[in-house]
Amino acid sequence: MHFCSWWQERDGTAQKNKKVDAAYVIFDRDDLKKEQLEECNTYARENGIRIMFSSICLEVWILMHFQKVNRVYSAKELNRVLSGQKYFNTDYSKFKGKPYDEFLYDKINLAKRNGDEMLKNKPGLWYQYDPYTNISKYLHDIFPVDTF
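Below you will find a few notes about this structure. Just so we're clear, the structure is a prediction, and the values are computed from it rather than from any experiment. (Residues numbered from 1 in each chain as written. Predicted model: local features only at pLDDT ≥ 70, side-chain atom pairs only at ≥ 80, totals over all residues. Heavy atoms only, no water.)

Within the protein, the regular secondary structure consists of eight helices and three strands. Tracing the protein from N to C terminus, the helices and strands come up as α-β-α-β-α-α-α-α-α-β-α. For the protein, the residues scored as buried account for 41% of the 148 residues in total. A total of about 9,400 Å² of accessible surface is found on the protein, and carbon and sulfur atoms cover 50% of it. (Helix = DSSP H or I, 4+ residues; strand = E, 2+ residues; numbered from the N terminus. Buried < 20%, exposed > 50% of the residue type's maximum accessible area, 1.4 Å probe, protein only. Areas by Shrake-Rupley, 256 points an atom, 1.4 Å probe, with all protein chains shown as cover.)

So this is what it looks like as structure tokens:
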């Protein structure tokens, strides 16, 4: 199955049925190969879709709510760090998917600053880097506010 085929199926339906100002897709690297990420980049560019991406996983973005991320983490390491007392103070691997507001709401500004700083040092294609996230780049598009 072509990695971006689910985009293609849904994209056609969305454009026929609704007025769309902007389309975003958010995902992480996990076990995706460079060729699959290149396919997504091409499809997104050709169809005006903005890619929000985190490498190795979305927990890079979550960790940025607490600190800068300057080194590569495995998904297992990120779960361990985020389980710590100054983060979620619970087994993060079991917490994933539950509401984050209580933990992150007052830390969005720090995450945005950390994410913007990371992007300054990574001028190439989004899938070339680890660690990486570009979520901070699109926050103002999605949440049209001046301050987080």
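That covers the picture; the talk isn't over yet.
Two elements, strand 1 (residues 23-28) and strand 2 (residues 49-55), share six bridges in a ladder whose sense is parallel. Residue pairing for strand 2: Ala 23 is matched across the bridge by Ile 49. On the question of chirality, the crossover connecting strand 1 to the parallel strand 2 by way of helix 2 (residues 34-47) is right-handed. (Pairing = 2+ DSSP bridges. Right-handed = clockwise from strand over helix to strand, strands pointing away.)

What follows concerns helix 2. Because an α-helix completes one turn every 3.6 residues, residues spaced three or four positions apart along the sequence face the same direction. When the terminal C-alpha atoms of helix 2 are compared, their 20 Å separation across 14 residues agrees well with the 20 Å that a helix rising 1.5 Å per residue should span. Every buried residue of helix 2 is accounted for by Leu 37, Cys 40, Asn 41, Tyr 43 and Ala 44. With its phi angle positive at about 65 degrees, Gly 48 sits one or two positions after the end of helix 2. (Expected span 1.5 Å × (residues − 1).)

Further remarks concern the environment of Thr 133. Following the sequence through the fold, Thr 133 ends up in strand 3 (residues 132-133). Residues Thr 133 and Ser 55, 78 residues apart in the sequence, show an inter-C-alpha distance of 6.3 Å. In this structure, Thr 133 is in contact with Phe 53, Ser 54, Val 60, Trp 61, Met 64, Met 118 and Leu 119, ignoring residues within four places of it in sequence. A polar contact is formed between the side chain of Thr 133 and the backbone oxygen of Phe 53, at a distance of 3.3 Å. Of the polar contacts made by the side chain of Thr 133, one reaches the backbone nitrogen of Ile 135; its length is 3.4 Å. (Contact = heavy atoms within 4.5 Å. Polar contact = N/O pair within 3.5 Å; in protein donor to acceptor, adjacent residues only side chain to side chain.)

Structural measurements only, silent on function.
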